[in-house]
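The lines below spell out each chain.
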Amino acid sequence: MAVAVSKKKVTKKKSSLAVKLSAVPKKPGVYLFIGPGEKVLYVGKGKDLRSRVSSYFQKAGELDPRKAAMVRGIKDMKYIVTDGELEALALEANLIKQYKPKFNIILRDDKNYPYLRLSINEEWPRLGVVRRVKKDGAMHFGPYVPSSSMREALAFIRRNFGVRPCRYRLDRPLRPCIQYQMGRCPAPCAGLIDRDAYRKEVQNVVMFLKGHKTDLIDELRAKMMRLSKEHRYEDAARIRDRISALRRAWESQKVISPELGDIDVVGHYVHGRDAAFQVFFIRNGIMIGARDFYIRDAGAIPPKELFHGFLEMFYAKEIIPPERIIVGVRPEGVMPLR
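Note that this is a predicted model, so its numbers are computed, not measured. (Residues numbered from 1 in each chain as written. Predicted model: local features only at pLDDT ≥ 70, side-chain atom pairs only at ≥ 80, totals over all residues. Heavy atoms only, no water.)

Novice: Looking at this structure, how should I read the nonpolar core?
Specialist: The tendency in soluble globular proteins is for nonpolar side chains to be buried side by side. In this structure, Leu116, Phe208, Leu246, Phe310 and Phe314 are the most contacted members of the largest nonpolar core, which totals 68 residues. Grouped together as the second largest cluster of nonpolar side chains are 15 residues, Leu41, Leu49, Val71 and Ile74 included. (Core = buried A, V, L, I, M, F, W, Y, C linked by side-chain atoms within 4.5 Å. Buried < 20%, exposed > 50% of the residue type's maximum accessible area, 1.4 Å probe, protein only.)

Rendered as structure tokens:
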């Protein structure tokens, strides 16, 4: 009798799940597989929720061991319909971060990487640091990993370019601050520089951050010669020193190839049950940073799915994707490059 009752319970549970599956709409959204104790086992997304969710049960015999174990543990499922795939991607990332499901790929690094933000949309643009990129009309450069490389770039710009670091509103005249006295700000707040000259300085910062070396050096050399002809020798000497500082700064950069432009290179290495990823950030042909990620118990995940899951989770963060992403897989036993 006990056996009969147990079978009846299982049949009822399966039929209840089957009813829910049949009611899933053919719309984009996010689904959650629930296990014992209402614990979330897996969070996924699909442009056709019904087709995506049903595939786990219709092709159960074709699943890899990891997914097959997940399906056996499913007791319930939930879904959320979204307006499109982009919204589904963002929601999926948030739910994975919230529930940390057993069968999802989890990145232990929840930091937002720093960017240099140049507010060209303002009347008097300023340069600052942000960790959350917004579509606000400003220009963003990065990500800088580690953040020390960002601090070095910011300090160099503030020493060598006349762009204000402050957040003051400049709709009324102000007294110049200590940054002006130190020669690190041209004091637009006090009207000591006209708008055209200031915008020229901002454009020079853009050329520096984009790695346009020849254009920037030619621009500064022409300015130096003009100042010299006007007998403004001290100002010309400052431009000369700036050119020298720029050349030294560029010599210390890890130039990969200027023709590459903006790319991320993602390397992958699996050893036993663990996996490692390395991401190299290359902007304007210059490597501005690199980051390592380690994922435990990932050996049973097929390489294609592992790569897809990592990229999806990584670029769901506050990161501006580059024009291209290059991926590769290293054979077991070959250590990743450092």
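Novice: I would appreciate a short explanation of the packing of helix 7 (residues 195-209) against helix 8 (residues 213-229) in the present structure.
Specialist: The geometry of a pair of packed helices is captured by two quantities: the angle between their axes and the separation between those axes. Look at helix 7 against helix 8: their axes get within 9 Å of each other, and the N-to-C directions meet at 145 degrees. Within the contact between the two elements, helix 7 uses Lys200, Glu201, Asn204, Met207 and Phe208 and helix 8 uses Asp215, Leu216, Glu219, Leu220 and Lys223. Class assignment of the residues belonging to the contact of helix 7 with helix 8 gives a composition of 4 nonpolar, 1 polar and 5 charged. (Axes fitted to C-alpha atoms, helices over the stretch in contact; angles between N-to-C directions. Helix = DSSP H or I, 4+ residues; strand = E, 2+ residues; numbered from the N terminus. Contact = heavy atoms within 4.5 Å. Nonpolar A, V, L, I, M, F, W, Y, C, P; charged D, E, K, R; others polar.)

Novice: Looking at this structure, how should I read the packing of aromatic side chains?
Specialist: Where two aromatic rings form a pair, the distance of their centres and the angle of their planes describe that pair. Scanning all chains against the criterion turns up 19 aromatic pairs. Ring plane angle 70 degrees and centroid distance 5.2 Å describe the contact between tryptophan 124 and tyrosine 198, whose orientation is recorded as edge-to-face. Here tryptophan 124 is found in the loop between strand 4 (115-118) and strand 5 (127-130), whereas its partner tyrosine 198 is found in helix 7, with 74 residues between them in sequence. Tyrosine 198 carries the same exposure label as tryptophan 124, and that label is buried. Geometrically, the ring pair formed by phenylalanine 293 and phenylalanine 310 is edge-to-face, given 5.4 Å between the ring centres and 65 degrees between the ring planes. Note that phenylalanine 293 is positioned in strand 9 (residues 286-295) and phenylalanine 310 in helix 10 (residues 303-314), a separation of 17 residues in sequence. According to the relative accessible area criterion, phenylalanine 293 is buried, its value standing at 4%. Here a set of aromatic residues connected by ring pairs shows up, and it is made of Tyr113, Phe277, Phe281, Phe293, Phe307, Phe310, Phe314 and Tyr315. The residue whose ring lies beneath arginine 291 is phenylalanine 293, and the NZ or CZ to ring-centre distance is 5.5 Å. (Phe/Tyr/Trp six-rings, centres within 6.5 Å; stacked < 30°, edge-to-face > 60°. Lys NZ or Arg CZ within 6 Å of the ring centre and 35° of its normal.)

Novice: What is the right way to read the pairing of strand 1 (residues 29-34) from this model?
Specialist: Across a regular strand the side chains alternate sides, sitting on one face of the sheet and then on the other. Where burial is concerned, most of strand 1 is hidden: 6 out of the 6 residues are buried. Here strand 1 shows a buried face lined by Gly29, Tyr31 and Phe33 and a second buried face lined by Val30, Leu32 and Ile34. As judged from the 6 bridges shared by strand 1 and strand 2 (residues 40-46), these two strands associate in the antiparallel manner. Each bridged residue has a counterpart across the sheet, and for glycine 29 the counterpart in strand 2 is glycine 46. Hairpin connection between strand 1 and strand 2: a loop of 5 residues separates the two successive antiparallel strands, and glycine 37 in this loop has a positive phi of roughly 70 degrees. Of the pairings in the sheet, the one linking strand 1 to strand 3 (residues 76-81) comprises 6 bridges and is antiparallel in character. If you follow valine 30 over to strand 3, its bridge partner there is isoleucine 80. (Pairing = 2+ DSSP bridges.)

Novice: How should I be thinking about the state of the cysteines in this particular structure?
Specialist: As used in these notes, a disulfide is a covalent bond between sulfur atoms, one from each of two cysteines. Counted under the stated rule, the structure contains 0 disulfides. A disulfide-free cysteine, cysteine 166 has its sulfur positioned 6.0 Å from the sulfur of cysteine 185, the nearest such atom. Summary of cysteine pairing: cysteine 185 is not part of a disulfide, and the nearest cysteine sulfur, belonging to cysteine 177, is at 5.8 Å. (Disulfide = S-S within 2.5 Å.)

Novice: Is there a simple way to explain the pattern of salt bridges in this structure?
Specialist: Side chains that differ in sign of charge can pair as their charged atoms come close. Inspection of every chain in the model, using the stated rule, returns 15 salt bridges. The residue glutamate 219 makes a salt bridge to lysine 200 at a minimum N-O spacing of 3.5 Å. Here glutamate 219 is found in helix 8, whereas its partner lysine 200 is found in helix 7, with 19 residues between them in sequence. Between glutamate 230 and arginine 232 there is a salt bridge, and its shortest N-O distance comes to 3.3 Å. Look at glutamate 230 and you get partly exposed, because its relative accessible area is 42%. Classification of arginine 232 as partly exposed rests on a relative accessible area of 41%. In the salt-bridge network here, residues are joined through shared partners; they are Glu230, Arg232, Asp235 and Arg238. (Salt bridge = Lys/Arg side-chain N within 4 Å of Asp/Glu carboxyl O.)

Novice: Could you clarify how one ought to interpret empty space enclosed by the protein in this entry?
Specialist: Taking a probe equal in size to a water molecule and rolling it over the atoms shows the remaining empty space. A complete count under the given rule lists 2 cavities of 30 Å³ or more for this structure. The calculated volume of the second largest cavity comes to roughly 40 Å³. Every residue along the wall of the second largest cavity is listed here: Tyr42, Tyr56, Arg66, Lys67, Met70, Phe103 and Glu305. In terms of residue count, the dominant contributor to the lining of the second largest cavity is helix 3 (residues 65-73) (3 residues). Grouping the amino acids of the lining of the second largest cavity by side-chain chemistry returns 4 nonpolar, no polar and 3 charged. (1 Å grid on protein atoms, 1.4 Å probe; cavity = no way out; pocket = protein on both sides within 12 Å on 5 of 7 lines; lining within 4 Å. Points joined across faces, edges and corners; volume = space filled by probe spheres on them.)

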